Amino acid sequence: MSKAHFGLIGLGVMGENLVLNAERNGFSSVVYNRTFTKTEQFLNGRGAGKQIFGAKDLKDFVSKLERPRRILMMIKAGSAIDSVIETISPFLESGDLLIDGGNSEFRDTERRVSDLESRSFGFIGMGISGGSKGALEGPSMMPGGTKASYEAIESLVSRMSAQVEDGPCVTYIGPGGSGHFVKTVHNGIEYAIEQILSEAYDLMRRLTGMSGVEMAEVMGKWNKTEELSSYLVEITEACLRVKDPEDGDDLVEKIMDKAGQKGTGLWTVLSALELGAPVPTIYAALNARVISSIKDQRLSAQKIIQSPPIKPFDLGDPQSGMPILMDSVVLSCFASYAQGMELLRLGSEQYDYKLDMPSIAQIWKGGCIIRSQLLSRIQSAFNAHPALPNLMVDPWFASEVNKRLSSLASVVAGGVTSGIPLPCMTSTLDYINSYRTGRLPQNLVQAMRDCFGSHTYQRVDKEGIFHTNWIE
Ligand code: NAP
């Protein structure tokens, strides 16, 4: 057997599909999985009859690859990555390249890039988005590491990734852990949009009693608009249409209302706090998952803390796609992207990643979970003003915000009055109101800080640093 072009470690949900994708694109492959029975099952099943070969141990795996070796690890993030690196590195030779395609913490990737580069291996931390279907048909890929390492995998990843009108959904993101940083922020935006659509569903269901199919019809209308046409709206429509085969009821109503979360949502918020990036909509989505998980407490509290009666309010005509509700969803999605892009900009400055914002918008346009038509507008906004401080001050976005803000305010006010939690929509309204307010009450915060801790303050009417003895 001649040596294979590409090696894959980890035949889980993503790995299986990615190796089939690579093979379909002309890259013969060798696969290794910690549990060998999975390798056998794969080679006798989906991998049968293809240019995909198996290896029982990592030494054998490495020996079957052409040089410089290109090895993608699709395994659990965390210590598993370090342990595979440690086990495989004695078999590697100078110039060989490891790619971590999992959801690793970007600081771990920083460490691994510098460690492996110092041992004359290459290391790429590559965020991959698209789920199992995207992995097979073409995901969005966010590779970070040295430029030379990226060049060694460019032909592979640009053929494997999704393709949109302006090219493949992969680009060189930047040095170190930048690829995983961008993937983390991508996932933060994903958390927010999923929560926003769930809030819209909750309002439709609780205020109007609409059925799954009726709500799906509204989602279908939204998916035809420039502002909301997206993968997440598309799958929300699909989920709302599915019936429980046992009794024909809407299946979504049978699902336990506890949402899990892995690392990336938390890391987005932690990075934002460290970098001083305001991400309230994303943070609200993370909190919403956390509070959803304490179901027992919520069930008890429901009997103790009374909720006001629901007072129906106008969401707009369902035949016209509930325009008032749609405005609220649109602005909350704008805010999610705006906050994510702002976090990328600040991270890029702090870590010297030199992120190219239009390119990031471009590679999110296909293959990934947050792909949407809006990303073309985001790409254009950053093309026009590469140093745009916030997406919402771009002329197109600003005019949309101005048109839709009163709808968001009315929906949030209605939800608050009826005791319906709308964490992302409420946070978005506060975010926009704060961002557009030239004078905030933090002057009084500063006075208090100076009063108790002599933290000093600046004045609006003259230059300098001041301190006052507030209490004689
Ligand atoms: P998965 O289906 O849960 O499979 C996990 C894989 O990791 C298995 O092959 C498992 O091997 C291997 N593994 C676990 N611990 C290991 C260790 N200590 N040493 C060696 N191998 C180990 O995972 P997945 O969903 O494909 O995800 C893989 C990575 O991609 C994760 O970082 C995940 O967060 C990320 N990701 C997932 C998705 C998605 O939609 N699923 C999307 C984007 C990114 P065994 O068979 O021996 O257990």
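The structure displayed is predicted, hence computed values, not measured ones. (Residues numbered from 1 in each chain as written. Predicted model: local features only at pLDDT ≥ 70, side-chain atom pairs only at ≥ 80, totals over all residues. Heavy atoms only, no water.)

A.B. asks: Explain the state of the cysteines here, please?
C.D. replies: Note on terminology: disulfide describes a covalent bond linking the sulfur atoms of two cysteines. Counted under the stated rule, the structure contains zero disulfides. Cysteine Cys 368 remains unbridged, with the sulfur of Cys 169 as its closest cysteine sulfur at 7.4 Å. (Disulfide = S-S within 2.5 Å.)

A.B. asks: For this particular structure, what's the right way to read the layout of surface pockets?
C.D. replies: It is a probe the size of a water molecule, rolled over the atoms, that shows where empty space is left. The space that makes up the largest pocket amounts to roughly 1900 Å³. Ranked by the residues each element gives to the lining of the largest pocket, the list is headed by helix 8 (residues 178–208), at 10 residues. Its residues assigned to classes, the lining of the largest pocket shows 22 nonpolar, 10 polar and 11 charged. A volume near 1300 Å³ is recorded for the second largest pocket. As for the second largest pocket, its lining consists of 43 residues, and the residues nearest its centre are Met 14, Ile 75, Lys 76, Ala 77 and Lys 262. At six residues, helix 8 tops the list of elements feeding residues into the lining of the second largest pocket. Tallied by class, the residues present in the lining of the second largest pocket amount to 15 nonpolar, 20 polar and eight charged. (1 Å grid on protein atoms, 1.4 Å probe; cavity = no way out; pocket = protein on both sides within 12 Å on 5 of 7 lines; lining within 4 Å. Points joined across faces, edges and corners; volume = space filled by probe spheres on them. Helix = DSSP H or I, 4+ residues; strand = E, 2+ residues; numbered from the N terminus. Nonpolar A, V, L, I, M, F, W, Y, C, P; charged D, E, K, R; others polar.)

A.B. asks: What am I meant to see in the packing of aromatic side chains here?
C.D. replies: In this description, an aromatic ring pair is defined by two values, namely the gap between the centres and the angle between the planes. This model, assessed by the stated rule, comprises 13 aromatic pairs. Between the aromatic rings of Phe 334 and Trp 396, the centroid separation amounts to 5.9 Å while the plane-to-plane angle is 50 degrees, which identifies the pairing as tilted. Here the residue Phe 334 occupies a position in helix 14 (residues 323–351), and Trp 396 occupies one in helix 17 (residues 395–417), the gap between them amounting to 62 residues. Ring plane angle 75 degrees and centroid distance 4.9 Å describe the contact between Phe 334 and Phe 397, whose orientation is recorded as edge-to-face. Highlighted residues: Phe 334 in helix 14 and Phe 397 in helix 17, separated in sequence by 63 residues. Given the relative accessible area of 0%, Phe 397 is considered buried. (Phe/Tyr/Trp six-rings, centres within 6.5 Å; stacked < 30°, edge-to-face > 60°. Buried < 20%, exposed > 50% of the residue type's maximum accessible area, 1.4 Å probe, protein only.)

A.B. asks: What exactly am I supposed to notice about the domain arrangement of the protein here?
C.D. replies: Many structure descriptions define interface size as the accessible area lost when the parts assemble. Once the domains are mapped, the protein shows domain 1 (6–176), domain 2 (183–435) and domain 3 (441–472). Using only C-alpha atoms to locate each centre, domain 1 and domain 2 end up separated by 32 Å. At the junction of the two partners, domain 1 supplies 29 residues and domain 2 supplies 24 residues. The junction of domain 1 with domain 2 conceals about 1900 Å² of combined surface from both sides, 56% of it contributed by carbon and sulfur atoms. The interface formed by domain 1 and domain 2 holds three salt bridges in total. For Glu 165, the salt bridge goes to Lys 365, with nearest N and O atoms at 3.2 Å. Where domain 1 packs against domain 2, one counts 12 residue pairs in polar contact (both at pLDDT 80 or more). Among the elements of the structure, helix 5 (106–118), strand 6 (122–129), helix 6 (131–137), strand 7 (140–144) and strand 9 (167–168) are those that each provide at least two residues to the side of domain 1 that touches domain 2. For the side of domain 1 that touches domain 2, the class distribution of residues is 12 nonpolar, 12 polar and five charged. (Domains from an automatic or database assignment. Contact = heavy atoms within 4.5 Å. Buried area = accessible area lost by both parts, 1.4 Å probe. Salt bridge = Lys/Arg side-chain N within 4 Å of Asp/Glu carboxyl O. Polar contact = N/O pair within 3.5 Å; in protein donor to acceptor, adjacent residues only side chain to side chain.)

A.B. asks: Teacher, can you tell me more about the pairing of strand 2 (residues 29–32) here?
C.D. replies: The side chains of a regular strand alternate between the sheet's two faces. By the alternation rule, side chains of strand 2 split into Ser 29 and Val 31 and Val 30 and Tyr 32, which are all buried. Sheet topology places strand 1 (residues 6–9) next to strand 2; four bridges connect them, and they run parallel. Counted as the bridge partner of Phe 6 is Ser 29 from strand 2. One crossover worth recording links strand 1 to the parallel strand 2 by way of helix 1 (residues 13–24), and it is right-handed. Sheet analysis places strand 2 next to strand 3 (residues 52–54), joined by three bridges and oriented parallel. Note that in strand 3 the partner of Val 30 across the bridge is Phe 53. For the crossover that starts at strand 2, traverses helix 2 (residues 36–44) and ends in the parallel strand 3, the hand is right-handed. (Pairing = 2+ DSSP bridges. Right-handed = clockwise from strand over helix to strand, strands pointing away.)

A.B. asks: Would you explain helix 17 in this entry?
C.D. replies: Residues lying three or four places apart along an α-helix face the same way, a consequence of the helix completing one turn every 3.6 residues. In this model, helix 17 (23 residues) spans 33 Å end to end at C-alpha, consistent with the 33 Å of a helix rising 1.5 Å per residue. Within helix 17, the axis deviates most sharply at Arg 404, by approximately 45 degrees. All of the buried residues in helix 17 are Trp 396, Phe 397, Glu 400, Val 401, Arg 404, Leu 405, Ser 407, Leu 408, Val 411, Val 412, Gly 414 and Gly 415. Where helix 17 starts, the residue carrying a side-chain oxygen 3.1 Å from the main-chain nitrogen of Trp 396 turns out to be Asp 394. Downstream of helix 17 by a residue or two, Gly 419 has a phi angle that is positive, lying close to 70 degrees. (Expected span 1.5 Å × (residues − 1). Bend = angle between axes of the 7 residues up to and from the residue.)

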